[in-house]
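# Structure at a glance
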Amino acid sequence: MATAAGKAANASRADSDLEADIRQLKADIEKLTKQLAKTGEHGYGTARRAATEGVEQLRAQGEAAFDTLRSNAKDLEAQVVASVREKPVTSLAIAAGVGFLFALLARR
């Protein structure tokens, strides 16, 4: 009978150890779930910041390109105005010729 009692005690300890292991496993899974949630939030925040920075950089580049085009257009306008003031008759003849060509092309 001593062996049966010993086996029962060993089985009881094994059940106890198994239950403790299961509780520890559940606690570990809960911790891991919380860590994954934090990591996901951190990753989302990082991706959002990177996207915002990218948008700001593209906006700045677009504004710079627009300012460059505006400056070039103003320079071209100044050159055309200077050319027309220097040679008004020639400029008028060129404008009439270009208008005539556009009219021919528009007919077709």
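As a starting point, this report considers the structure included with it. (Residues numbered from 1 in each chain as written. Predicted model: local features only at pLDDT ≥ 70, side-chain atom pairs only at ≥ 80, totals over all residues. Heavy atoms only, no water.)

### Some thoughts on the pattern of salt bridges
We apply this condition: Basic side-chain nitrogens of Lys or Arg form a salt bridge, by our definition, when they fall within 4 Å of a carboxyl oxygen of Asp or Glu. Helix and strand definitions here come from DSSP, where helices need a minimum of 4 consecutive H or I residues and strands a minimum of 2 consecutive E residues; each element is numbered from the N-terminal end. With a 1.4 Å probe rolled over the protein chains alone, any residue whose accessible area is under 20% of its type maximum counts as buried; one over 50% counts as exposed, and the rest are partly exposed.
On inspection of all chains with the given rule, the structure shows 3 salt bridges. With a shortest N-O distance of 2.9 Å, Arg59 and Glu56 are connected by a salt bridge. Here Arg59 and its partner Glu56 are both found in helix 1 (residues 2-86), 3 residues apart, which amounts to about one turn of the helix. Looking at Arg59, the relative accessible area reads 43%, which means it is partly exposed. Taking relative accessible area as the criterion, Glu56 reaches 38% and is therefore assigned partly exposed.

### Brief notes about a nonpolar patch on the surface
This is how it is decided: Like-charged residues are merged into a patch within 9 Å and nonpolar side chains (Val, Leu, Ile, Met, Phe, Trp, Tyr) within 5 Å, provided each residue has over 30% relative accessible area and no salt bridge. The protein chains shown are the only cover counted for residues, whose accessible areas, like all others here, come from Shrake-Rupley with a 1.4 Å probe.
Together, Ile94, Val98, Phe102 and Leu105 make up a nonpolar patch on the protein surface, roughly 430 Å² of accessible area in all. Looking at the element boundaries, Leu105 is found in helix 2 (residues 88-107).

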